[in-house]
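Commentary on secondary and tertiary structure
Here is how the chains run, residue by residue.
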Amino acid sequence: TFGLAYRKESDRIDAAVEAYPNRWTHHVMIGTEEEIDEELISWIQEAAEFAERTKGKICQWFTTDTLTYLKRGGRVSATTAIVGNMLDIRPVLHVAEDGSLGSVKKVRGRKASVQALCDRLVQTAHKDTPVFISHADCKADAKKLTELIREKTGLQTTLITNVGPVIGAHAGPGTLALFFLGSER
């Protein structure tokens, strides 16, 4: 299986699916070692080059509904969690170039944290980027973020899904994440 920005036409491709706009997933069945030829290798190489060009443009931004789970994971101190929760502070975090988690902004209230995610997309998103939203038991907030993005940019959300158990355990219920291609992380 390999992905490209366009549909590759070949009898060797068993299925090609446009997973989201301008992103095609191609499936090729290989039965023998001889079927791994120059053509197949060139397709995989093209997909790898696309991934290499794109990886630094994938923006991963999120916010949490409470600081409690960040405290449990050692990301914030007990004092910060207690005071922050009392003052309704919501962090806006992102995954940096080096893969580390960084706090970019602190806002008061859930509405402001959802707006901050939208604002970041507006500032840095590529035109016609796919937009993915992931949430931990806060579907209404995910829908609100979708509406804000549509109002400000006209972009359609490609997919809304639940966060996985690992992220959910670290960030807690109420985690809202936004993924898109942008000019900077």
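Located above this text is the structure these notes cover.
A short tour of the structure in this document, coming up. (Residues numbered from 1 in each chain as written. Predicted model: local features only at pLDDT ≥ 70, side-chain atom pairs only at ≥ 80, totals over all residues. Heavy atoms only, no water.)

On to the nonpolar core, then. Taken as a class, soluble globular proteins show a tendency for nonpolar side chains to be buried jointly. Ranked by size, the top nonpolar core spans 20 residues in total, and within it Ile133, Leu145, Ile149, Leu176 and Leu178 carry the most contacts. Only β4 (58-63), α4 (110-124), β7 (131-135), α5 (139-153) and β9 (176-181) provide two or more residues apiece to this core. In terms of residue count, the dominant contributor to this core is α4 (5 residues). Residue contacts for Leu178: discarding those within four places in its chain leaves Cys59, Gln60, Trp61, Leu117, Leu121, Val131, Phe132, Ile133, Leu145 and Ile149. (Core = buried A, V, L, I, M, F, W, Y, C linked by side-chain atoms within 4.5 Å. Buried < 20%, exposed > 50% of the residue type's maximum accessible area, 1.4 Å probe, protein only. Helix = DSSP H or I, 4+ residues; strand = E, 2+ residues; numbered from the N terminus. Contact = heavy atoms within 4.5 Å.)

Where side chains of opposite charge bring their charged atoms close, a pairing between them can arise. Counted according to the given criterion, the structure contains 8 salt bridges. Of the charged contacts in the structure, one is a salt bridge between Glu52 and Lys55, with a shortest N-O distance of 2.9 Å. For Lys55, a relative accessible area of 45% puts it in the partly exposed group. Between Arg110 and Asp141 there is a salt bridge, with its nearest N and O atoms 2.9 Å apart. Here the residue Arg110 occupies a position in helix α4, and Asp141 occupies one in helix α5, the gap between them amounting to 31 residues. Linked through salt bridges whose partners overlap, the residues forming this network are Arg12, Asp37 and Glu39. (Salt bridge = Lys/Arg side-chain N within 4 Å of Asp/Glu carboxyl O.)

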